[in-house]
2 protein chains.
Amino acid sequence: MLNFLQQHRTVRKYTDQTINPELLNQLLETTCRASNTGNMQAYSIIVTTDSAIKQELSPAHFNQPMIMQAPVVLTFCADFNRFTLWCEQRQAEPGYDNFQSFMATAQDAIIAAQTFCVAAESVGLGICYLGTTTYNAGEIIKTLNLPKLVIPITTITVGYPETIPPKTDRLPLEAIVHRETYHEFTPNDIDQFYAEKENSQFYKDFIAENDKTTLAQVFTDIRYPRKNNEFFSEKFLQVLKQQGFLK
Amino acid sequence: MLNFLQQHRTVRKYTDQTINPELLNQLLETTCRASNTGNMQAYSIIVTTDSAIKQELSPAHFNQPMIMQAPVVLTFCADFNRFTLWCEQRQAEPGYDNFQSFMATAQDAIIAAQTFCVAAESVGLGICYLGTTTYNAGEIIKTLNLPKLVIPITTITVGYPETIPPKTDRLPLEAIVHRETYHEFTPNDIDQFYAEKENSQFYKDFIAENDKTTLAQVFTDIRYPRKNNEFFSEKFLQVLKQQGFLK
């Protein structure tokens, strides 16, 4: 099992093969067994296969081709709507229109998403997480008709892999794991953690293609620049207010 | 594998058996193979086994006994500190002190946490998520010496199960899964989704023990009341500001 989990790759190209609806339901049933806050199951999963709806979702994901190409697109949502409806029908006064409740349900949505990914990969499917979901949550809310107290957190495209891409690199464990408490890094630690990545021909070519002098600059100037991060921060905070999770 | 994932239980009581450090490292290495935003690996994992530090963490988790009883406590953190240090050492201008970056790194922390849980369960360990982490993030930050741009998102206690508790109930799949787009629920849908739960003797006893008339009231009045949710919302928003993720 550890070996299986270590084989994870992000799969962005899928064959034409559809996913058997019974198999998909089994994967979703498995997903719903995952840990969640207080067994409230305060999350929802929107399963989209219809190409007209995928077409409408596509711009929110910056037209990444996986949306149209994958047979199934799953949008995992923070969702206190169902639970709130239940409380209202049962002489109980719900109080989940706040940020702490959002954090709990957003976590549950991600726990479910990752459980789905492991389950899907175990039956030979390939998955890709789309980080664009929180960038353009407002647009996705419109397309998927999400009511108040529902916010899309992540999107997974899933299908049978056309090819299995190579494994991507990872930092050494000591860059991620701290023992007992957090140990702040020295400049020398940072140099060591990133040495293998920075010395690889793959990243050297990547820096040159992007016309930069360091790999970090590709992230700060092109992939995740401050200007974009701040723009999408403002947008997502507005969505939190609009959907009722923030005053 | 689907069958294995469906066997998940939350384990809150552990035997005295410690976790072999090599095995723990294997589980952590496996965890780090999981999907993450832009392969920035912007998260960290604090592994706490020292009982003095666990003792200090304990009140932040409302003295739930798992903290002291489990051989290993893992705190999964949103972390843009390391990445920011790297950018600064590489003539790149980081821009990750904002809410969108927080959402990305918080997601990555949870994806890692759930991957760890699956890996740990596959080798016979039992896990428990502690939702108290975001309630008292400020206190945990002090105990674990977390610098700016690092926030604890969830905590997992892990050890060998003393007993395997029974599986908990789940709502029917159609309460969680929406086809193509979101379909708002009728009062009748809600009644049907919750019927099995509400008719079970276990929950009938639970309602009586809590001196309530409906199960929903146990959640709204005792387990997750508005007053607490709003109090901890304010506290966590302050932590986001203090750690540099929110203006």
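Residues numbered from 1 in each chain as written. Chains lettered and ligands numbered in written order. Predicted model: local features only at pLDDT ≥ 70, side-chain atom pairs only at ≥ 80, totals over all residues. Heavy atoms only, no water.

1. Comments concerning unusual backbone geometry
Residue and element names in this part refer to chain A.
Right, so step 1: Although it is not a glycine, glutamine 41 sits at a positive phi angle of roughly 50°.
Right, so step 2: By the secondary structure assignment, glutamine 41 is in the loop between helix H2 (21–31) and strand E1 (43–48).
Right, so step 3: Relative accessible area serves as the criterion here: at 0%, glutamine 41 is assigned to the buried category.
Right, so step 4: Of note in this structure, asparagine 145 is not a glycine but carries a positive phi near 60°.
Right, so step 5: Of note, asparagine 145 is situated in the loop between helix H8 (137–143) and strand E4 (150–159). (Helix = DSSP H or I, 4+ residues; strand = E, 2+ residues; numbered from the N terminus. Buried < 20%, exposed > 50% of the residue type's maximum accessible area, 1.4 Å probe, protein only.)

2. Quick word on the sheet that holds strand E4 (residues 150–159) of chain B
Right, so step 1: Here five strands make up an open sheet; going across it, the order is E5(A)-E1(B)-E2(B)-E4(B)-E3(B) and the pairing mixed. A single partner strand is all that each edge strand has here, and the edge strands are strand E5 (177–179) of chain A together with strand E3 (126–130) of chain B. On average, each strand axis in the sheet is inclined to that of its neighbour by 25°, with strand direction left out of account.
Right, so step 2: With eight bridges joining them, strand E2 (residues 72–79) of chain B and E4(B) adopt antiparallel strand pairing. Looking across to E4(B), one finds that B:Ala78 is bridged to B:Ile151. (Pairing = 2+ DSSP bridges. Axes fitted to C-alpha atoms, helices over the stretch in contact; angles between N-to-C directions.)

3. Comments concerning the pairing of strand E1 (residues 43–48) of chain B
All names here are of chain B.
Right, so step 1: For E1, the tally of buried residues reaches six of six residues, placing the bulk of the element in the interior.
Right, so step 2: Residues Tyr43, Ile45 and Val47 line one face of E1 and the alternating positions Ser44, Ile46 and Thr48 line the opposite face, and both faces are buried.
Right, so step 3: With six bridges joining them, E1 and E2 adopt antiparallel strand pairing. When the bridges of E2 are listed, tyrosine 43 appears paired with alanine 78.

4. Side note on the pairing of strand E2 (residues 72–79) of chain A
Right, so step 1: Within E2(A), eight of the eight residues are buried, which leaves the element mostly enclosed by the surrounding structure.
Right, so step 2: Burial along E2(A) is two-sided: A:Val72, A:Leu74, A:Phe76 and A:Ala78 and A:Val73, A:Thr75, A:Cys77 and A:Asp79, pointing in opposite directions, are all buried.

5. Here's the deal with the sheet that holds E1(A)
Neighbouring strands of a sheet are bound in pairs by backbone hydrogen bonds; such pairs are parallel or else antiparallel.
Right, so step 1: As summarised here, the arrangement of the five strands in space is E3(A)-E4(A)-E2(A)-E1(A)-E5(B), forming an open sheet in which the pairing is mixed. This sheet does not close on itself; its edge strands, each paired only once, are strand E3 (126–130) of chain A together with strand E5 (177–179) of chain B. With strand direction ignored, the average angle separating the axes of adjacent strands in the sheet is 25°.
Right, so step 2: Packed onto the sheet, H2(A) meets E1 and E2 of chain A together with E5 of chain B and runs at close to 165° relative to E1(A). (Contact = heavy atoms within 4.5 Å.)

6. Structural notes on the relation of the copies chain A and chain B
Right, so step 1: Superposing chain A onto chain B takes a rotation of 180° plus a shift of 0.0 Å along the axis, which leaves an RMSD of 0.0 Å. Such a turn and shift between the copies fits a two-fold axis.
Right, so step 2: The overlap is high: 100% of the interface residues of chain A also sit at the interface in chain B, so the same surface is used on both sides. (Least-squares fit on C-alpha atoms with pLDDT ≥ 70 in both.)

So, to be careful, I would describe these as geometric facts and stop short of saying anything about function.
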